[in-house]
Amino acid sequence: QVQLVESGGGLVQAGGSLRVSCAASGRTFSNSAMGWFRQAPGKEREFVAGISWSGGNTYYADSVKGRFTISRDNAKNTVFLQMNSLKPEDTAVYYCAARRSRWATTLRADYDYWGQGTQVTVSS
């Protein structure tokens, strides 16, 4: 079992930066691929970024490529999403997710555990 708690969301102006974190409990974190998803009001939850168990492989949605960076610290059971050059369309609740697999995917259904989400609001 893995429990995930996100933090670091908030309000930021367009063009600004924000880093959200996800702290995981459970001894299997270092063997788990992790992902970040987001859900804007009235929209489906969508993939943002994913990272393999070792951090050696990362994946990004086209909409955030070049602006967002996913990373992890297995010693601290934490995964991060650094968000730069934020746009109003990045406004959403951001969710951390974990897989019972070492390899990340872009599919929401492939993730087994979810956090409660953290709100990110980008003002224009």
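Residues numbered from 1 in each chain as written. Predicted model: local features only at pLDDT ≥ 70, side-chain atom pairs only at ≥ 80, totals over all residues. Heavy atoms only, no water.

**Student:** Can you help me understand the nonpolar core in this one?
**Tutor:** Looking at soluble globular proteins, one finds that nonpolar side chains tend to be buried together. One finds L4, M34, W36, L81, M83 and Y94 to be the most contacted residues of the largest nonpolar core, which totals 35 residues. Secondary structure elements with two or more residues in this core: β3 (18-25), β4 (34-39), β5 (46-51), β7 (68-73), β8 (78-83), β9 (92-98) and β11 (118-123). Ranked by residues supplied to this core, first place goes to β9 with five residues. What L81 contacts, discounting residues up to four positions off in sequence, is L18, R19, V20, W36, V48, A49, F68, T69, I70 and Y94. (Core = buried A, V, L, I, M, F, W, Y, C linked by side-chain atoms within 4.5 Å. Buried < 20%, exposed > 50% of the residue type's maximum accessible area, 1.4 Å probe, protein only. Helix = DSSP H or I, 4+ residues; strand = E, 2+ residues; numbered from the N terminus. Contact = heavy atoms within 4.5 Å.)

**Student:** Help me out: how do you make sense of the state of the cysteines in this one?
**Tutor:** A disulfide bridge is the covalent bond that connects two cysteines by way of their sulfur atoms. Following the criterion strictly, the structure yields one disulfide and no others. Residue pairing for C22: its cysteine sulfur links by disulfide to C96, the two sulfurs lying 2.1 Å apart. Between C22 and C96 the disulfide shows an S-S torsion of about -75 degrees. By sign, it is left-handed. Here C96 lies in strand β9 and C22 lies in strand β3, a separation of 74 residues in the sequence. This pair shows no difference in class: C22 is buried, exactly as C96 is. (Disulfide = S-S within 2.5 Å.)

**Student:** Please clarify how the sheet that holds strand β1 (residues 3-7) should be interpreted in this entry.
**Tutor:** Spatially, four strands are ordered β1-β3-β8-β7 in an open sheet, and the strand pairing comes out antiparallel. Since the sheet does not close on itself, it has two edges, and those belong to β1 and β7, each with one partner. Pairwise comparison of adjacent strand axes, ignoring direction, gives a mean angle of 15 degrees for this sheet. (Pairing = 2+ DSSP bridges. Axes fitted to C-alpha atoms, helices over the stretch in contact; angles between N-to-C directions.)

**Student:** Sorry if this is basic, but what is going on with the packing of aromatic side chains here?
**Tutor:** Centre distance and the angle of the planes are the two values used to describe a pair of aromatic rings. Enumeration over the complete set of coordinates arrives at four aromatic pairs. Ring centres of F37 and Y111 lie 5.2 Å apart, and the angle between their planes is 75 degrees; on these two criteria the pair is classed as edge-to-face. Of this pair, F37 sits in strand β4 while Y111 sits in the loop between β9 and β10 (113-114); the two residues are 74 residues apart in sequence, bridging distant segments of the chain. This pair shows no difference in class: F37 is buried, exactly as Y111 is. What links up through ring pairs into an aromatic cluster is the set F37, F47, Y111 and W114. Seen from the ring of Y95, R45 lies directly overhead, with NZ or CZ sitting 3.6 Å from the centre. (Phe/Tyr/Trp six-rings, centres within 6.5 Å; stacked < 30°, edge-to-face > 60°. Lys NZ or Arg CZ within 6 Å of the ring centre and 35° of its normal.)

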